[in-house]
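# Structural characterization, general
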Amino acid sequence: MVRLQGKIAIITGGAGGIGQAAARQFAAEGARVVLVDREEAALQSIVGSIGEDKASYVVADVTQPEQAQGYVKAAVERWGGVDILLANAGIEGAVSPITDYAIDTFDQVLAVNVRGVWLGLKYVIPAMRERGSGSIVITSSTAGIGGTAGMSAYVTSKHAVIGMMRTAALECAPLGIRVNTVNPAPIETRMMRSLEEMRVAAEDSSEATIERTKLAFEARIPLQRYGDPEEVAKLMLFLASDDSSFCTGGVYMVDGGRSAGNT
Ligand code: NAP
């Protein structure tokens, strides 16, 4: 039996590594998906490969209220309602100590990773309330439960959405809407390539290479590897579906054991 039969899901960051994997799994499980991202060509190509009978897209910047309102409206107009929001768009910002961290970069990371998620909740909850049910899944991170030197904005943002999720879970429980976070360790996507490059640049040493940096990240994960986007999407699918009907207000790790120790 397919697990999202008849459900309508909005996925922000839908053209990125994790969002795209979730879109494919959700659609394969019977959902109609609305992908939200900034680049039309990438969205068009993913929607084309999933099939226009199952997927549509909206070009939007999640930080802008009218655009967040617009993607919820587009989902309702195209598919008839919203059952699932995967608030997943995110940026990594810089790798730099707080004293050197650019203020504009800090503001931008908080705008996308916190305000963007909050706006998604603000406009999707009324649409879900009309249907009397819904599931909201927010992509946090292992950076949402512990610090990482050099990543103050990102770590702040991923902690913040856990507080947001807990508050939303309390507000939404009487409405039949569940809210949870998914917290991945490093996953094989563009974002980790970018972080590896920034780490190498920040080291300022000829010893530092992308390969060594990746090995160092992997060494801190008990399963000794990065995760694949599909492994994260499977947890998102569980939380989006009625299989998780008693789960709300929870922080769900998908981290190869990263959070089990104190390494
Ligand atoms: P990704 O491939 O870079 O995907 C992120 C997507 O979000 C990109 O398509 C990006 O578009 C989009 N986006 C950024 N700012 C946006 C905005 N203002 N409005 C609309 N879309 C925007 O990275 P990913 O790894 O799939 O990341 C997905 C989520 O997982 C993020 O929240 C990230 O923090 C989280 N996460 C990732 C990892 C990891 O190791 N990869 C680990 C833990 C958590 P552009 O390409 O145009 O910027």
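Procedures and definitions
Residues numbered from 1 in each chain as written. Predicted model: local features only at pLDDT ≥ 70, side-chain atom pairs only at ≥ 80, totals over all residues. Heavy atoms only, no water. Core = buried A, V, L, I, M, F, W, Y, C linked by side-chain atoms within 4.5 Å. Buried < 20%, exposed > 50% of the residue type's maximum accessible area, 1.4 Å probe, protein only. Helix = DSSP H or I, 4+ residues; strand = E, 2+ residues; numbered from the N terminus. Near = heavy atom within 4 Å. Polar contact = N/O pair within 3.5 Å; in protein donor to acceptor, adjacent residues only side chain to side chain. Areas by Shrake-Rupley, 256 points an atom, 1.4 Å probe, with all protein chains shown as cover. 1 Å grid on protein atoms, 1.4 Å probe; cavity = no way out; pocket = protein on both sides within 12 Å on 5 of 7 lines; lining within 4 Å. Sits in = over half its atoms within 2 Å of the grid points. Axes fitted to C-alpha atoms, helices over the stretch in contact; angles between N-to-C directions. Parallel < 35°, antiparallel > 145°, perpendicular 65-115°, else oblique. Left-handed = near helix turned anticlockwise from the far one by under 90°. Contact = heavy atoms within 4.5 Å. Nonpolar A, V, L, I, M, F, W, Y, C, P; charged D, E, K, R; others polar. Points joined across faces, edges and corners; volume = space filled by probe spheres on them.

### Observations regarding the nonpolar core
Grouped together as the largest cluster of nonpolar side chains are 41 residues, with contacts concentrated most on Ile10, Tyr71, Leu121, Val124, Ile136 and Ile138. Looking at this core, the elements that each hand over two or more residues are β1 (8-12), β2 (32-37), α3 (65-79), β4 (84-87), α4 (103-131), β5 (134-139), α5 (152-172) and β6 (177-184). Core analysis: the next-biggest nonpolar cluster, separate from the first, contains 32 residues, Leu86, Val137, Ala233 and Ala240 among them.

### Digging into the site of the ligand
Taken together, 28 residues lie around the ligand, and Asp37, Arg38, Tyr154, Ile187 and Thr189 are the ones closest in. A distance of 2.6 Å separates an oxygen atom of the ligand from a polar atom in the side chain of Thr189. Relative to its free-state accessible area of 880 Å², the ligand is covered by the protein chains to the extent of 92%. Structurally, the ligand is housed in the largest pocket. Looking at the shell around the ligand, the elements that each hand over two or more residues are α1 (17-28), α5 and α6 (190-203). Looking at the shell around the ligand element by element, the count peaks at three residues for α6.

### Re the packing of α6 against helix α7 (residues 210-219)
Look at α6 against α7: their axes get within 9 Å of each other, and the N-to-C directions meet at 110°. In terms of their interaxial angle, α6 and α7 are classed as roughly perpendicular. Remark: the crossing between α6 and α7 carries right-handed chirality. Packed against α6, whose contacting residues are Met192, Arg193, Glu196, Glu197, Arg199 and Val200, the element α7 presents Ile210, Thr213, Lys214 and Phe217 at the interface. Considering only residue class, the contact of α6 with α7 consists of four nonpolar, one polar and five charged.

### Points about the environment of Val47
Residue position: Val47 is located in helix α2 (residues 40-50). Since its relative accessible area comes to 4%, Val47 is described here as buried. Expressed as a C-alpha distance, the spacing of Val47 and Gln20, which sit 27 residues apart in the sequence, is 9.6 Å. Ignoring sequence-local partners within four residues, the contact set of Val47 consists of Leu35, Glu52, Ala55, Ser56 and Tyr57.

### So, the layout of surface pockets
Summary: where empty space remains is shown by rolling a probe the size of a single water molecule over the atoms. As a volume, the largest pocket reaches approximately 1,100 Å³. Lining the largest pocket we find 50 residues, and of these Gly90, Ile91, Tyr154, Thr189 and Met191 sit closest to its centre. Those elements giving two or more residues to the lining of the largest pocket turn out to be α1, β2, α4, α5 and α6. By volume, the second largest pocket is sized at about 190 Å³. Looking at the second largest pocket, the residues that line it are Trp118, Leu121, Lys122, Ile125, Pro126, Met164, Thr167, Ala168 and Glu171. At the level of elements, α4 and α5 are the ones that each hand at least two residues to the lining of the second largest pocket. Looking at which element gives the most residues to the lining of the second largest pocket, the answer is α4, with five residues. Of the residues belonging to the lining of the second largest pocket, the class tally is six nonpolar, one polar and two charged.

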